[in-house]
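Examining the three-dimensional arrangement
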Number of protein chains: 2
Amino acid sequence: MISKKTKYALIALGYLAEHSTGEPILISELAKEGNIPKKFLEAILVALRKGGVLKSKIGKGGGYMLALPPASITIGKVVSILEGGFALVECLNDNVKAVCEECGDPACCGIRLVMSDVKQAIDSVLGSTTLADMVERSDNARQKKSKIMDFSI
Amino acid sequence: MISKKTKYALIALGYLAEHSTGEPILISELAKEGNIPKKFLEAILVALRKGGVLKSKIGKGGGYMLALPPASITIGKVVSILEGGFALVECLNDNVKAVCEECGDPACCGIRLVMSDVKQAIDSVLGSTTLADMVERSDNARQKKSKIMDFSI
DNA sequence: ACCAATCTCTATAGACTTGGTAGGTTTTTG
DNA sequence: CAAAAACCTACCAAGTCTATAGAGATTGGT
């Protein structure tokens, strides 16, 4: 299960992707529009900035902007920043090079072998889906729906 | 990250798959061989039994056996029993039909659309990998390694 | 009938994680 | 300098995860 942190991050990033005009957007606006507790969002945005996905401007007239075009920000990157990757067992974590206590020999651990496959499947999806894709799919679904509504009137 | 519960379950099931002679195997043996706290394992085995993966025999001479051949038990089944499925957002959970508070309209939620893809990728791997596969791959890796060792002597 | 070996159930406790809050600090604009 | 903003540190409540304890139920052998 992805954490609320990640969900909030994706909501905020989605909003930024759709409403960026070059001008920075306030935390307060992101919090209000995304229905996200402001203080909680603050921490999330800082993490995203440190992760290179956002840039900020301090002081009056400041706020947050995407550091890259939406098509260059993968969902995988966001998840990786906020959850430290999507590892399924310690020994498959990106950053940490820990070995699970359970599997004496990582190379021969059946669980590890299976989970490695799963991880690859996840990474493949998350690594190839961008913020732009996410927003676009959401828009498409909304349009499709409103079309159906039109018919029914 | 899969929980220790699931990891222990897979270890125990792997052991059962490799050592089943028709005779039930004791919790104590599974705990000892798998390096698993016995009492903790107890609860796990009960869950697996209720999930239809194991069957047990109570009383003297009792113990646990696989309820199905290893090739008929998917890793996905095990994960599903112990973690309630591998959902990534509430609204994609197998059992529960909850809607995330965040996405007013599930059909149009970009996050949901993306995570649905991820879930499908995960389920596809976990649903097509069986206990037998896991054990076999582990054995193969071990044999390969021991062969290399032989050469180096 | 009894005893020992087993699984089964309920309750509990400590550590850790998650979601969220509070309050003060620094930076920038005008 | 004052106001607007992001930034930082610390904290807390609630829940989850891992693990343990102990009593109860079932069976097989004698």
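Residues numbered from 1 in each chain as written. Chains lettered and ligands numbered in written order. Predicted model: local features only at pLDDT ≥ 70, side-chain atom pairs only at ≥ 80, totals over all residues. Heavy atoms only, no water.

With that out of the way, let us pick up the overall build of chain A. Tallying secondary structure elements over chain A gives six helices and two strands in all. By the burial criterion, 42% of the 153 residues in chain A qualify as buried. Within chain A, residue pairs in contact and separated by at least 24 positions form 59% of the contacts whose partners lie at least 6 positions apart. Total accessible area on chain A is roughly 8100 Å²; 54% of this is exposed by carbon and sulfur atoms. (Helix = DSSP H or I, 4+ residues; strand = E, 2+ residues; numbered from the N terminus. Buried < 20%, exposed > 50% of the residue type's maximum accessible area, 1.4 Å probe, protein only. Contact = heavy atoms within 4.5 Å. Areas by Shrake-Rupley, 256 points an atom, 1.4 Å probe, with all protein chains shown as cover.)

Glancing now at unusual backbone geometry. Excluding glycine, residues mostly have negative phi values, and the peptide bonds linking residues are mostly trans. Residues and elements named next belong to chain A. Positive phi is not limited to glycine here, since Asn35 has a value of about 60°. Residue placement: Asn35 occurs in the loop between helix H2 (27–34) and helix H3 (38–50). For Asn35, a relative accessible area of 68% corresponds to the exposed category.

This brings us to the pairing of strand E2 (residues 63–66) of chain A. With burial as the criterion, each face of E2 of chain A is covered, one bearing Gly63 and Met65 of chain A and the other bearing Tyr64 and Leu66 of chain A. Adjacent in sequence and paired antiparallel, strand E1 (residues 54–57) of chain A and E2 of chain A are bridged by five residues, among which Gly59 of chain A carries a positive phi angle near 85°. (Pairing = 2+ DSSP bridges.)

This part covers the nonpolar core. With 85 residues, the main nonpolar core has Met115 of chain A together with Met115 of chain B as its most contacted residues. Met115 of chain A has contacts with Leu88, Val89 and Leu92 of chain A together with Ile2, Leu10, Ile75 and Leu126 of chain B, leaving out every residue within four places of it along the chain. (Core = buried A, V, L, I, M, F, W, Y, C linked by side-chain atoms within 4.5 Å.)

Below, the discussion takes up the protein's contact with DNA strand C. Around DNA strand C, a shell composed of 26 residues is seen, among which Lys39 of chain A together with Ile27, Glu42, Ser56 and Tyr64 of chain B lie nearest. One of the backbone N or O atoms of Lys60 of chain A is found 3.4 Å from a base oxygen in DNA strand C. Gly59 of chain B is positioned such that a nitrogen or oxygen atom in its backbone is 3.4 Å from a sugar or linking oxygen of DNA strand C. Where the surface near DNA strand C is concerned, the elements lending two or more residues are helix H1 (4–19) and H3 of chain A together with helix H3 (38–50), strand E1 (54–57) and strand E2 (63–66) of chain B. In terms of residue count, H3 of chain B provides more of the surface near DNA strand C than any other element does, five residues in total. Taken together, the residues of the surface near DNA strand C sort by class into 10 nonpolar, five polar and 11 charged. (Near = heavy atom within 4 Å. Polar contact = N/O pair within 3.5 Å; in protein donor to acceptor, adjacent residues only side chain to side chain. Nonpolar A, V, L, I, M, F, W, Y, C, P; charged D, E, K, R; others polar.)

None of the figures reported here should be taken as evidence of function without further support.
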